[in-house]
Amino acid sequence: MHPMLNIAVRAARKAGNLIAKNYETPDAVETSQKGSNDFVTNVDRDAERLIIEVIRKSYPQHTIITEESGELAGEDKDVQWVIDPLDGTTNFIKRFPHFAVSIAVRVKGRTEVAVVYDPMRNELFSAARGQGAQLNGYRLRSSTARDLDGAILATGFPFKAKQHSVPFINVVSKLFTQCADFRRTGSAALDLAYVAAGRTDGYFEIGLKPWDFAGGELLVREAGGLVTDFTGGHGYLQSGNLVAGNPRVVRAILASMRDELSEALKR
């Protein structure tokens, strides 16, 4: 196993155990609002602290980018750990048991290692670049759907960017007439992991942050899938507008989107 993957797995499991324990004792969870429809709990912060501790013990010189603490610069700027300690915080607060820990390691801008851990189902999705993606040790393959006919697509509503609601709803409406059904579960990291596992055939979302998709993106690629922005390029690293799935499904989603996108969403 890639040595950094080993540490990422250890950190994700440790954080996941803490999250699962707190899920059982909701009275101890303290919630605050950090933005419009954007919440954080003491559990997010405690899980993040645990992850940072595990990484720092093995790699004190690496840079760490986290959802709650921002960038913790290390001497080595070339290696970045990109962390979401609890992706799906709103689900966690509402006691909707669908959330995950996401950890990715980027070396010189390229993601090398990824872990997405769902502590409620004890499902550990992992990938190392060029070595495939796994779920609890078993090899993952993305869906074999040939087009949108019969496909199950996942998405997330742009609840932090409601100015995009009209083009978003138009895209969903157009795709819905062509695919079998939609899923909307509230965790981008797990949405991408599920695409990698072939549980859904494709996924798109507006305005994700790097820690939302850094881990899941590598999982999809290593399972044989494709990740692009809304115009088929790589702009999603900046915009967070992302489409994922097997290559045929991604092409079909992009073709359906084309005429519905506002100028702001073409970046």
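Not measured: the values here are computed from a predicted model. (Residues numbered from 1 in each chain as written. Predicted model: local features only at pLDDT ≥ 70, side-chain atom pairs only at ≥ 80, totals over all residues. Heavy atoms only, no water.)

1. Notes on the packing of aromatic side chains
Note the threshold: Note on aromatic pairs: the rings of Phe, Tyr and Trp (six-membered ring only in Trp) are paired at centre separations within 6.5 Å, and the planes decide the class, stacked below 30 degrees, edge-to-face beyond 60, tilted for the rest. Only DSSP runs of H or I with at least four residues qualify as helices, and only runs of E with at least two residues qualify as strands; both kinds are numbered from the N terminus onward. A 1.4 Å probe rolled over the protein chains alone gives each residue an accessible area, and that area as a share of the maximum for its type sets the label: buried under 20%, exposed over 50%, partly exposed in between. In this scheme, Lys NZ or Arg CZ marks a charge over a ring once it lies within 6 Å of the ring centre and within 35 degrees of the ring normal.
Taken as a whole and judged by the stated rule, the model has 9 aromatic pairs. Where Tyr23 meets Phe92, the ring centres are 6.2 Å apart and the plane angle is 50 degrees; that geometry is what we call tilted. Placement of Tyr23 in helix 1 (residues 3-23) and of Phe92 in helix 3 (residues 89-94) is noted, with a sequence separation of 69 residues between them. Classification of Tyr23 as buried rests on a relative accessible area of 9%. Through pairs of rings, three or more aromatic residues link up here, namely Phe157, Phe168, Phe182 and Phe204. In this structure, Arg199 is placed above the aromatic ring of Tyr194, and the distance from its NZ or CZ to the ring centre is 4.7 Å.

2. As for the environment of Asp76
For clarity, the cut-off: The contact criterion used is simple: two residues touch if any of their non-hydrogen atoms lie within 4.5 Å.
Within the secondary structure, Asp76 is located in strand 5 (residues 76-87). Owing to a relative accessible area of 24%, Asp76 belongs among the partly exposed residues under this scheme. For the pair Asp76 and Gln61, spaced 15 residues apart in sequence, the C-alpha to C-alpha distance is 5.4 Å. Not counting residues up to four positions away in its chain, the partners in contact with Asp76 are Gln61, His62 and Thr63.

3. Things to note about the UniProt feature "binding site: Mg(2+)" (unreviewed entry) in the protein
Defined as follows: UniProt positions are given in the numbering used here, feature names are shortened, and annotations may be inferred rather than shown by experiment. As used in this structure description, the phrase polar contact means that two N or O atoms lie within 3.5 Å; if the pair is within protein, one of them must be able to donate a hydrogen and the other to accept it, and residues adjacent in sequence are counted only when both atoms belong to side chains.
When the UniProt feature table is mapped to this numbering, "binding site: Mg(2+)" (unreviewed entry) covers Glu67, Asp84, Leu86, Asp87 and Asp212. For this annotated set, covering 146 residues, all C-alpha atoms fall within 9.6 Å of each other, a compact arrangement in space. With respect to the helices and strands, Glu67 occurs in the loop between strand 3 (62-66) and strand 4 (70-72). Classification of Glu67 as buried rests on a relative accessible area of 17%. Setting aside anything within four residues of it in sequence, one finds Glu67 in contact with Lys34, Glu48, Ile83, Asp84, Pro85 and Trp211. Note on placement: Asp84 falls in strand 5. Within the structure, the side chain of Asp84 is placed 3.3 Å from the backbone nitrogen of Leu86, a separation counted as a polar contact.

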